[in-house]
Amino acid sequence: MLEVLYEDNHLIAINKKSGDIVQGDKTGDAPLSDFVKAYIKKKYNKPGDVFLGTIHRLDRPTSGIVLYARTSKALSRMNEQFREKLVQKTYWAVVDNAPPNSSGTLDNHLQKNQKQNKSYVTKTDGGKHAVLEYKLIKKLDNFYHLEIKPKTGRHHQIRVQLSNAGCCIKGDVKYGANRTNKDGSIHLFARSVSFNHPIKKESMTITANPPIDPLWNEFINLANLS
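Below: a short report on this structure. Just so we're clear, the structure is a prediction, and the values are computed from it rather than from any experiment. Numbering of residues begins from 1 in every chain and follows the order in which that chain's sequence is written. Residues qualify for local features only when their pLDDT is at least 70, as the model is predicted, and side-chain atom pairs are given and counted only at 80 or more; totals for whole chains, interfaces and linings, by contrast, use all residues. Based on all heavy atoms of the structure, the side-chain values leave hydrogens and waters out of the count.

**Thoughts on the overall build of the protein**
Logical step 1: Secondary structure follows DSSP: runs of H or I at least 4 residues long count as helices, runs of E at least 2 residues long count as strands, and numbering of each begins at the N terminus. Helix and strand content of the protein: 4 helices and 11 strands.
Logical step 2: Radius of gyration means the value over C-alpha atoms here, while the globule rule gives 2.2 Å times the residue count to the 0.38 power. For the protein, the C-alpha radius of gyration of 18 Å lies close to 17 Å, the compact-globule estimate for 226 residues.
Logical step 3: Only protein chains enter the area calculation, which uses a 1.4 Å probe; residues under 20% of their type maximum are buried, those over 50% are exposed, and those in between are partly exposed. The buried share of the protein, taken over its 226 residues, is 44%.
Logical step 4: When checking whether two residues touch, look at their non-hydrogen atoms; a contact exists if any pair is within 4.5 Å. A sequence separation of at least 24 residues applies to 62% of the contacts in the protein between residues at least 6 apart.
Logical step 5: For every accessible area listed, the method is Shrake-Rupley and the probe measures 1.4 Å; residues are considered covered only by the protein chains on display. Here the protein displays about 12,200 Å² of accessible surface, and carbon together with sulfur accounts for 47% of that area.
Logical step 6: Counted charges follow a simple rule, with Lys and Arg positive, Asp and Glu negative, and His plus the chain ends left uncounted. Where a charge lies is defined by one atom per residue type: Lys uses NZ, Arg uses CZ, Asp uses CG and Glu uses CD. Between the averaged position of the 35 positive side-chain charges in the protein and that of its 22 negative side-chain charges there is a distance of 3 Å.

Below, the structure is given as structure tokens:
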């Protein structure tokens, strides 16, 4: 069942579940985009193929907001906003260790290994510049809640940069976590996205709630109090 967060003639925002893939890959599993197309086709009784443009992606074990474009004009304008770094995404993460400071910036160069589908912090010239801002929200008994605002959009950026800082995301064994989550998820969640509507030109923010889970529930309680 799709959780539609926002919908108009130009955009549709979905709260992606962990395990969903945003668009087709070599696994051959049905991507989320197929389900969104089917939803639009049925709801609006559309004949023929439904246009749906992928604006950005989330890693398969990550949950949270995914934006799709319903028109080619919206897609090109949103792509431009991403290129110009006019879109602000906010993530929540649960990590196993405290970050270096209660808030700060992580600034690295990342290199992707295609064969491993994994990125590494590198000091060589071949790496792509990656920057994120983080803030410690709360310390739990065994974990820490972070709010993260990436300033660049690199492959597995948040996962590898936090791991490199000694803060592995819960469940993310690819980047150093001790054990997997039972459902295969990782505790990284795309909480909100802010941008200018590609047609209406209005400033807007879309916000999602994370999966039902004791650690995420702590975050929601904090958000409701603030």
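Let us keep going from here.
**Notes on the layout of surface pockets**
Logical step 1: Think of a 1 Å grid over the protein atoms and nothing else: a 1.4 Å probe that fits but is trapped marks a cavity, an open set flanked by protein within 12 Å on at least five of seven lines marks a pocket, and residues with an atom within 4 Å of a point count as lining. Grid points are joined across faces, edges and corners, and a volume is the space filled by probe spheres set on the points. Approximately 1,400 Å³ is the volume attributed to the largest pocket.
Logical step 2: What lines the largest pocket is a set of 41 residues, and nearest its centre among them are Arg 57, Leu 58, Asp 59, Arg 154 and His 155.
Logical step 3: Only helix 2 (72-83), strand 5 (88-95) and helix 3 (157-164) provide two or more residues apiece to the lining of the largest pocket.
Logical step 4: Along the lines of polarity and charge, the residues of the lining of the largest pocket split into 12 nonpolar, 14 polar and 15 charged.
Logical step 5: Considering only enclosed or pocket space, the second largest pocket measures out at about 260 Å³ in volume.
Logical step 6: For the second largest pocket, the lining is made up of 17 residues, of which Met 1, Asn 15, Lys 16, Lys 17 and Asp 20 are closest to its centre.
Logical step 7: The set of elements that each furnish at least two residues to the lining of the second largest pocket consists of strand 2 (11-16), helix 1 (32-43) and strand 4 (63-69).
Logical step 8: Among the elements that make up the lining of the second largest pocket, the one with the highest residue count is strand 2 (3 residues).
Logical step 9: Considering only residue class, the lining of the second largest pocket consists of 8 nonpolar, 5 polar and 4 charged. Residue polarity is assigned by list, with Asp, Glu, Lys and Arg as charged and Ala, Val, Leu, Ile, Met, Phe, Trp, Tyr, Cys and Pro as nonpolar; anything else, Gly included, falls into the polar class.

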